[in-house]
Amino acid sequence: MMDNSNLTLALLNLFLPLLSFAILIFFGKKFGDKAHLVSLGLIGGMLAIAIRFFSNVFHHGAEPILETSIQWFTTGKFSVDLGFLINNVAAIMLLVVALISFLVHLYSVEYMKGDPRYSRYFAFLGVFTFSMNGIVLADSLVMMYIFWELVGLSSYLLIGFWFEKESAANASKKAFLTNRVGDIGMFIGIMILFFEIGSFQISGLIEGVHNGAFSGDMTLLTIAGVLVFMGAIGKSAQFPLHIWLPDAMEGPTPVSALIHAATMVAAGVYMVVRIFPILTPDALELIAYVGGITALMAAIIAITQNDIKRVLAYSTVSQLGYMIMALGVGAYQAGFFHLTTHAMFKACLFLCSGSVIYAMHHALHELKDHDTDPQDMRNMGGLRDKMPITFWAMFISTLAISGVPFFSGFLSKDAVLAGSLSYYHHHHGWSLFLPIAGFGAAVITAFYMFRLIFMTFFGNPQNKDIHSHVQESPFTMTFPLILLAGLSFAIFFTLPATINPFDSHGWFTHAVPMVDNVAGLNMHEVEEGLHHTHHSAMMISLAVAGIGILMSILFYLFKSVDAKQMANALNKIKLYNLSFNKFYIDEIYNILLYKPFLAFSWLCSKLDWDLYDQKFIDGWGWITIKLSDKSGEADYNWLDQKIVDGFGRLTQYFGRNLKLTQNGVVQNYLLGGIMGLLLLIIVFQQF
Amino acid sequence: MDSLLSYLIIAAMLFSMGIYGVVTRKNAIAILMGIELILNSANINFIAFNRFGGMQNLDGHVFSMFVIVLAAAEAAVALAIVINLFKNVGSVNVDDADLLKG
């Protein structure tokens, strides 16, 4: 009975957003500028269900809240099931998705007002929310893969929402194709797992590995794990496939907040959390390094960007790197915890940046200035007094992301860093890179986030005209900011066990217990290591956050160090340019992949058009024309003119001559008859 | 001379004369007369074969009687045609009746 109602709720949770999509895509024009009421209602219902599931987190232990599946189809030994698996992790994720989705819907009402494709925008948000719920609820890798592709599609649609802009259209294509690279690996990985274990169900896979399906060949399991992780590399924008995420900022800002900061990009992390028990230590090591490289590199790039959304985009990449690194070092809880806290404060940061851009855009619109970039931080400055709510919300979430005590980011980041430190204690050697990357990225994160705050909200306005026209955004936009900024406080994640901000033993750690890794990683060792390094990690992370913030204050608030001179000094060894040009990764791809590919396509097109088409195909055409010319000639001149007409002429000739015998004289006929008779008689006489 | 051959020769001569008349005469009445000769030559053949062929019954005689009757009917129809020909063309010369000339 209980299960039944849970199943109904889960189905509703999944399909309400799809209903919103269906209504708005078919009848959107009828609703006009009231379209948001439909999706707000349905997404609100979904939020209520998500809260209902979330409330179970406190009652159930590690038992799943709902686990059910039905057979979808069977061909021979190949059978595919669809089903739901809601455990505590999924319930928390559902709430994150539903809450941020709802707030973004609410925020978009004002942000997208007057857009010619207003209803379609909400329809796309609906289909995205539907697919994201599908990933969260899925109990099998196949179902997850289906929804995985669907979020890719909705991301493509939303990045390219303003497809009239060429850059947006290109960005959407880039995102889609880059994701595809990862998804191919994921698919192969799923298939390896299926053919070795015979199941797509996550629980089945864990059981299979536990029973020794790979006991003879752990390398294959490592390969399968890494291949499945490739999906996460693409979707969660990890090095080397992170290039699409900064470009994805061409989409509307609320979309960036929902998809490219809080939920979809976290899907990769969530997927790794789900399959964590079957990842081998070797696979996890690789995952940790990928995460570490991503975290550090993206943070370095973020320092030199001037576009407010691009700074946040690289910050997102960097934070996702943190989560992946945490999973890699075995600190599974920490990774998921960081996902949750990050979703709140990063969504808040993005919505704040949206609020700033919205205000800038309106100011520029009033000034009839269409050349100034409303997203460039060099055009802002001193907005603190004009937009107090946005400023405070952004400031609070910046404190959270920088890892300042009393804020959620401090707890989760601290746990991640403790994980990397304990990993080094166990493995030594090259794994020193992981804590260096972690703490390094923490310093840089604090630095560039405060740089963003100072450039945008403090100092003197760069442009007095714009500044005087800027206004605070309306309430439907600021309400989500206030709520999300509130959720950036640590206290929401530590209740009811403690209100001590230095202790993360709250409901969260109880709700997401350590799982056993059945592929050979000793989780007790990890847990113990975490416990030991907890305090040192906290001290170091407090120190590095302080250093980062202090440097930022010196550089950008008091301007006691000239940032330009510093940049020039660093540029002596090309460091500034390296960061500003994003480590030239796009250029490297350009040289290594696009150029050879384009050259190859050019060659193919040459072969195809100039040789095959022009010579071979057209040659056939030429031969055919000649042949038909000849055969036409033969047909007309010989068959038609000679044979066919010949028969006609022959008949005419005989007719003309034979008609002379018909002279009308009966006696001649008779004579002929008699002659014929005589002839016959003579002939017969011969035999 | 009482042999089949002499009868056949007479019949053949009559037949040839009939043919000659039919082919050469221009007058339609004369052509009819030629036809009569041909028919009668056939009659002679019937009678002759009946007599020398060793037939018990009078089959040849019966055929001859039929031919005579037929010849009478034919003459009646032919004369009617000739009268009509004369009415349309104005002569009984068959050379003038060449409407079917090609």
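Everything numeric here is computed off the predicted structure, so don't read it as measured data.

Engineer: Would you mind going over empty space enclosed by the protein in detail, with residue names and values included?
Structural biologist: Residue and element names in this part refer to chain A. Taken as a whole and judged by the stated rule, the model has one cavity of 30 Å³ or more. Taken as a whole, the largest cavity encloses approximately 50 Å³ of empty space. Taken together, Ser402, Gly403, Gly409, Phe410, Lys413, Asp414, Leu417, Ala442, Ser541, Val544 and Ala545 make up the lining of the largest cavity. Elements with a contribution of two residues or more to the lining of the largest cavity: α16 (408-427) and α22 (523-557). If you tally residues by element for the lining of the largest cavity, the top one is α16, at five residues.

Engineer: Give a description of the packing of helix α11 (residues 264-275) of chain A against helix α14 (residues 332-366) of chain A that names residues and reports values.
Structural biologist: Residues and elements named next belong to chain A. The contact between α11 and α14 brings their axes to 10 Å, and the two run at 155°. Our classification of the angle between α11 and α14 gives roughly antiparallel. Considering how the two elements wind past one another, α11 and α14 form a crossing that is left-handed. Of α14, the residues touching α11 (which contributes Ala266, Val269, Tyr270 and Val273) are Tyr332, Phe336 and Leu339. In terms of residue class, the contact of α11 with α14 is built from seven nonpolar, no polar and no charged.

Engineer: Explain the environment of A:Gly234 to me, and be specific about the residues and the numbers.
Structural biologist: Residue and element names in this part refer to chain A. On the secondary structure map, glycine 234 appears in helix α8 (residues 218-235). Glycine 234 gets classed as buried once you look at its relative accessible area, which sits at 0%. In this structure the C-alpha to C-alpha distance between glycine 234 and valine 181, which are 53 residues apart in sequence, comes to 7.0 Å. Apart from residues lying up to four places away in sequence, glycine 234 is in contact with Asn179, Leu241 and Trp244.

Engineer: I'd like to hear about the nonpolar core, residue by residue, with values.
Structural biologist: Residues A:Ile86, A:Ile92, A:Ile100, A:Leu193, A:Tyr270 and A:Phe336 are the most contacted members of the largest nonpolar core, which totals 227 residues. Residue contributions to this core peak at 21 residues, all from α14(A). Once you skip the residues sitting within four places of it in the chain, A:Tyr270 turns out to touch A:Val89, A:Ala90, A:Met93, A:Ile135, A:Val136, A:Met144, A:Phe336 and A:Leu339. The next biggest cluster of nonpolar side chains, apart from the first, holds seven residues, and it includes B:Ala28, B:Leu32, B:Val82 and B:Val94.

Engineer: Give me unusual backbone geometry: which residues, what numbers.
Structural biologist: The bulk of non-glycine residues show a negative phi, and the bulk of peptide bonds are trans. Residues and elements named next belong to chain A. With omega at 5°, the peptide bond leading from phenylalanine 239 into proline 240 counts as cis. Secondary-structure assignment places proline 240 in the loop between α8 and α9 (244-247). One non-glycine residue, alanine 237, lies in the positive phi region at around 55°. By the element assignment, alanine 237 lies in the loop between α8 and α9. The class for alanine 237 is buried, based on a relative accessible area of 0%. The phi dihedral of phenylalanine 406 falls on the positive side, at around 80°, and the residue is not glycine. Tracing the sequence through the fold places phenylalanine 406 in the loop between α15 (388-402) and α16. Judged by relative accessible area, which is 52%, phenylalanine 406 ranks as exposed.

Engineer: Tell me about a nonpolar patch on the surface, and name the residues and values.
Structural biologist: Residue and element names in this part refer to chain A. There is a patch of nonpolar side chains on the surface, built from Phe600, Trp602, Leu603, Leu607, Leu611, Tyr612, Phe616, Ile617, Trp620, Trp622, Ile623 and Leu627 and spanning about 1,300 Å² of accessible area. Within the secondary structure layout, tryptophan 602 lies in helix α25 (residues 585-658). Judged by relative accessible area, which is 53%, tryptophan 602 ranks as exposed.

Engineer: Which residues make up the packing of helix α5 (residues 141-159) of chain A against helix α6 (residues 166-197) of chain A, and what values go with them?
Structural biologist: Residues and elements named next belong to chain A. Where α5 contacts α6, the two axes come as close as 9 Å, and the packing angle between them is 175°. Here α5 lies roughly antiparallel to α6, going by the angle between them. Contact residues: Leu141, Tyr145, Trp148, Glu149, Gly152, Leu153, Tyr156 and Ile159 in α5; Ala168, Ala171, Ser172, Lys173, Ala175, Phe176, Arg180, Asp183, Met186, Phe187, Ile190 and Leu193 in α6. Looking at the contact of α5 with α6, its residues break down into 14 nonpolar, two polar and four charged.

Engineer: I'd love a proper account of helix α19 (residues 475-486) of chain A, names of residues and values included.
Structural biologist: All names here are of chain A. Compared with the 16 Å implied by 1.5 Å per residue over 12 residues, the 16 Å span of α19 between its first and last C-alpha is a close match. Taken residue by residue, α19 has Met477, Thr478, Pro480, Leu481, Leu484 and Ala485 as its buried positions. End-on view of α19: buried residues confined to an arc of 155°, all on one side of the axis. On its buried face, α19 is in contact with α3 (88-111), α14 and α15.

Engineer: Residue-level account of the layout of surface pockets, with values.
Structural biologist: Residues and elements named next belong to chain A. Of the volumes computed, that of the largest pocket is approximately 1,100 Å³. In this structure, the largest pocket is lined by 35 residues; those nearest its centre are Arg451, Tyr556, Ala563, Lys564 and Tyr576. Looking at the lining of the largest pocket, the elements with two or more residues in it are α12 (281-303), α17 (433-457), α22, α23 (563-571) and α24 (575-580). Top element by residues in the lining of the largest pocket is α23. It accounts for seven residues. Grouping the amino acids of the lining of the largest pocket by side-chain chemistry returns 21 nonpolar, nine polar and five charged. Lining the second largest pocket we find 30 residues, and of these Tyr111, Trp162, Ile357, His361 and Pro374 sit closest to its centre. Sorting the residues of the lining of the second largest pocket by element identifies α3, α9, α13 (308-328) and α14 as the ones contributing at least two each. Along the lines of polarity and charge, the residues of the lining of the second largest pocket split into 10 nonpolar, nine polar and 11 charged.

Engineer: With reference to specific residues and values, describe the interface of chain B and chain A.
Structural biologist: Listed by partner, the interface residues are 14 residues for chain B and nine residues for chain A. With both chains or domains summed, chain B and chain A bury close to 850 Å², and 64% of this area falls on carbon and sulfur atoms. Here chain B is connected to chain A by zero salt bridges. The interface formed by chain B and chain A holds two residue pairs in polar contact (both at pLDDT 80 or more) in total. Take the side of chain B that touches chain A: its biggest share by element is four residues, from helix α1 (residues 4-24) of chain B. Taken together, the residues that form the side of chain B that touches chain A break down as seven nonpolar, two polar and five charged.

Reading the values: rules and limits
- The residue numbers shown here count from 1 along each chain, following its written sequence.
- Ligands are numbered from 1 and chains lettered from A, in the order in which they are written.
- This being a predicted model, a pLDDT of at least 70 is required before a residue's local features are given, and a value of 80 or more before pairs of side-chain atoms are given or counted; all residues contribute to the totals for chains, interfaces and linings.
- Only hydrogens and water are set aside when side-chain values are computed; all heavy atoms of the structure are taken into account.
- For each structure, a 1 Å grid was placed over the protein atoms alone; sets of points admitting a 1.4 Å probe that cannot get out are labelled cavities, open sets with protein on both sides within 12 Å along at least five of seven lines are labelled pockets, and lining residues have an atom within 4 Å of a point.
- Grid points are joined across faces, edges and corners, and a volume is the space filled by probe spheres set on the points.
- Numbering goes from the N terminus for both helices and strands, where a helix is a DSSP run of H or I of at least four residues and a strand is a run of E of at least two.
- Axis lines are fitted to C-alpha atoms, over the contacting stretch for helices. Their N-to-C directions set the angle, which ranges from 0 to 180 degrees.
- Oblique is the label for any angle not under 35 degrees, not over 145, and not in the 65 to 115 range, which are roughly parallel, roughly antiparallel and roughly perpendicular in turn.
- For a crossing to be left-handed, the near helix must be turned anticlockwise from the far one by less than a right angle; the clockwise case is right-handed.
- Between two residues, a contact is recorded if the distance between any of their heavy atoms is within 4.5 Å.
- Residue type decides the class: Asp, Glu, Lys and Arg count as charged, Ala, Val, Leu, Ile, Met, Phe, Trp, Tyr, Cys and Pro as nonpolar, and the leftover types, Gly among them, as polar.
- Only protein chains enter the accessibility calculation, which uses a 1.4 Å probe. A residue is then buried if its area is under 20% of the maximum for its type, exposed if over 50%, and partly exposed in between.
- In this text, buried Ala, Val, Leu, Ile, Met, Phe, Trp, Tyr and Cys residues form a nonpolar core when linked through side-chain atoms within 4.5 Å.
- Residues forming no salt bridge and having over 30% relative accessible area are the ones grouped into patches, like charges within 9 Å of each other and nonpolar side chains (Val, Leu, Ile, Met, Phe, Trp, Tyr) within 5 Å.
- Note on areas: Shrake-Rupley with a 1.4 Å probe; residue coverage comes only from the protein chains shown.
- We define a salt bridge as a side-chain nitrogen of Lys or Arg found within 4 Å of a carboxyl oxygen belonging to Asp or Glu.
- The span expected for a helix works out to 1.5 Å for each residue beyond the first.
- Starting at the helix axis, one direction is taken to each C-beta atom, and the arc is that of these directions.
- Once two parts are put together, the accessible area they lose, assessed with a 1.4 Å probe and summed over both, is termed the buried area.
- Counting of polar contacts relies on pairs of N or O atoms within 3.5 Å, with two restrictions inside protein: one atom must be capable of donating a hydrogen and the other of accepting it, and residues adjacent in sequence are counted only when both atoms are side-chain atoms.

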